[in-house]
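Overview (structure and organization)
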Amino acid sequence: MVKDRMAVLTALMDQGVIPVFYHPDVEVCKAVIQACADGGAPCIEFTNRGDFASHVFYEVTRYFAEADPRVIMGVGSIVDAPTAGIYIANGAKFVVGPILNADVAKVCNRRKIPYSPGCGSASEISYAEELGCEIVKVFPGSSVGGPDFVKAVLGPMPWTRIMPTGGVDPDEASVKKWFGAGIVAAGMGSKLITQELLDAKDYAGITKKVRETVDLIKKVRGKA
């Protein structure tokens with residue numbers, strides 16, 4: 001399956017919830033990512049947070065290219081262009097960061113890779129869009145104003161596509177507030193893939209939690 005820029009962007013928005021995950025063990029990553037894909041969330045944000053994380057990412061991405069081509073591996077926590085380049089070379093199909101970096105945008109644009117930088121103001125969002133970013137990440141979501149911030153931005157900038165991380169929980173009240181405000185997707189980490197499920201190696205439980213969240217978002221969007 002060819003995962004070009006437009007296909008990836010569409011998949012991210014259709015999916016609604018983007019699981020955000022990192023683990024140093026390749027086999028654990030394979031199991032968790034497969035569980036997410038089976039739950040209806042094959043677009044995964046693997047965070048660049050541990051020693052040799054890019055090596056883990058490479059092994060996992062190579063595995064899913066054969067084992068389950070539905071999986072779209074993206075990378076998060078990217079703050080500089082060289083690191084973005086390493087992950088793109090290792091198979092990343094989208095790049096997410098906690099900050100906005102123009103050099104990362106240039107590297108991603110050159111390879112037609114979607115880049116979602118972390119933005120905390122209307123000016124940062126506008127600059128990200130000037131750099132070619134189709135979906136901007138609002139980060140940290142709850143700290144910059146939550147759903148009210150989203151509504152405020154979309155008033156004068158209705159073309160903006162926002163994907164917050166931090167503050168969006170996998171429950172109906174939270175999903176209604178955020179998606180009702182106009183977001184196109186949300187990154188969810190430890191509230192979705194909980195430490196309790198990981199410790200128990202309850203991968204079926206992760207699939208169930210992801211499926212419930214995907215279905216909830218569809219319901220809130222009126223697509224169920």
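About the thresholds
Residues numbered from 1 in each chain as written. Predicted model: local features only at pLDDT ≥ 70, side-chain atom pairs only at ≥ 80, totals over all residues. Heavy atoms only, no water. UniProt positions renumbered as here; feature names shortened; annotations may be inferred. Phe/Tyr/Trp six-rings, centres within 6.5 Å; stacked < 30°, edge-to-face > 60°. Helix = DSSP H or I, 4+ residues; strand = E, 2+ residues; numbered from the N terminus. Buried < 20%, exposed > 50% of the residue type's maximum accessible area, 1.4 Å probe, protein only. Lys NZ or Arg CZ within 6 Å of the ring centre and 35° of its normal. Contact = heavy atoms within 4.5 Å. Pairing = 2+ DSSP bridges. Right-handed = clockwise from strand over helix to strand, strands pointing away. Axes fitted to C-alpha atoms, helices over the stretch in contact; angles between N-to-C directions. Parallel < 35°, antiparallel > 145°, perpendicular 65-115°, else oblique. Left-handed = near helix turned anticlockwise from the far one by under 90°. Nonpolar A, V, L, I, M, F, W, Y, C, P; charged D, E, K, R; others polar.

According to the UniProt record, the Sequence similarities (unreviewed entry) comment for the chain is "Belongs to the KHG/KDPG aldolase family." Note on the chain: under the UniProt heading Pathway (unreviewed entry), the record states "Carbohydrate acid metabolism."

Following the criterion strictly, the structure yields four aromatic pairs and no others. Consider the rings of F57 and Y87, whose centres lie 5.1 Å apart with planes at 75 degrees: the pair is edge-to-face. Taken as a pair, F57 in helix α3 (residues 53-67) and Y87 in helix α4 (residues 81-89) lie far apart in primary sequence, 30 residues in all. A relative accessible area of 0% places F57 in the buried class. For Y87, a relative accessible area of 1% gives the class buried. Put simply, the rings of Y22, F46, F57 and Y87 touch in pairs and so form one group of aromatic residues. One Lys or Arg, K30, reaches over the ring of Y63 and ends 4.4 Å from the middle of that ring. The ring of F139 carries K137 above its face, with NZ or CZ at 4.6 Å from the centroid.

Another point: the side chain of T47. Mapping T47 onto the fold places it in strand β2 (residues 43-47). The buried category is assigned to T47, whose relative accessible area is 3%. In this structure, T47 is in contact with V20, F21, Y22, G76 and S77, ignoring residues within four places of it in sequence.

Now for the pairing of strand β3 (residues 72-76). Burial analysis of β3 places five of its five residues in the buried class, which makes it a mostly covered element. Residue alternation in β3 divides its side chains into two sets, I72, G74 and G76 and M73 and V75, and both sets are buried. Where β2 and β3 come together, five bridges link them in parallel fashion. Within the sheet, the bridge partner assigned to E45 lies in β3 and is G74. For the segment spanning β2, α3 and β3, crossover handedness is right-handed.

Our focus in this paragraph is the packing of helix α7 (residues 146-154) against helix α8 (residues 172-181). Where α7 meets α8, the axes come as close as 8 Å, and the angle between the chain directions of the two elements is 10 degrees. On the basis of their axis angle, the class for α7 and α8 is roughly parallel. Crossing handedness for the pair α7 and α8: left-handed. In this structure, α7 uses G146, P147, V150, K151 and L154 to contact α8, whose residues at the interface are K177, W178 and A181. Its residues assigned to classes, the contact of α7 with α8 comprises five nonpolar, one polar and two charged.

Tracing the chain through its elements places C43 in strand β2. Along the primary structure C43 and K218 are separated by 175 residues, whereas in three dimensions their C-alpha atoms are 16 Å apart. Those residues in contact with C43, other than ones at most four positions away along the chain, are A11, L12, Q15, I18, P19, I72 and F94.

In this chain, F139 is followed by P140 through a cis amide linkage whose omega measures -15 degrees. On the secondary structure map, P140 appears in the loop between β7 (137-138) and α7. Of note in the backbone geometry, S77 takes a positive phi value of approximately 65 degrees without being a glycine. Structurally, the position occupied by S77 is in the loop between β3 and α4.

Next up on the list: the pairing of β2. For β2, a buried count of five out of five residues is recorded, marking the element as mostly surrounded by other parts of the structure. Because side chains alternate across β2, one face comprises the buried residues C43, E45 and T47, and the other comprises I44 and F46, equally buried. Strand direction decides the pairing type here: strand β1 (residues 17-21) and β2, joined by two bridges, are parallel. The residue of β2 that forms the bridge with F21 is F46. Read from β1 through helix α2 (residues 26-38) to β2, the crossover connection turns out right-handed.

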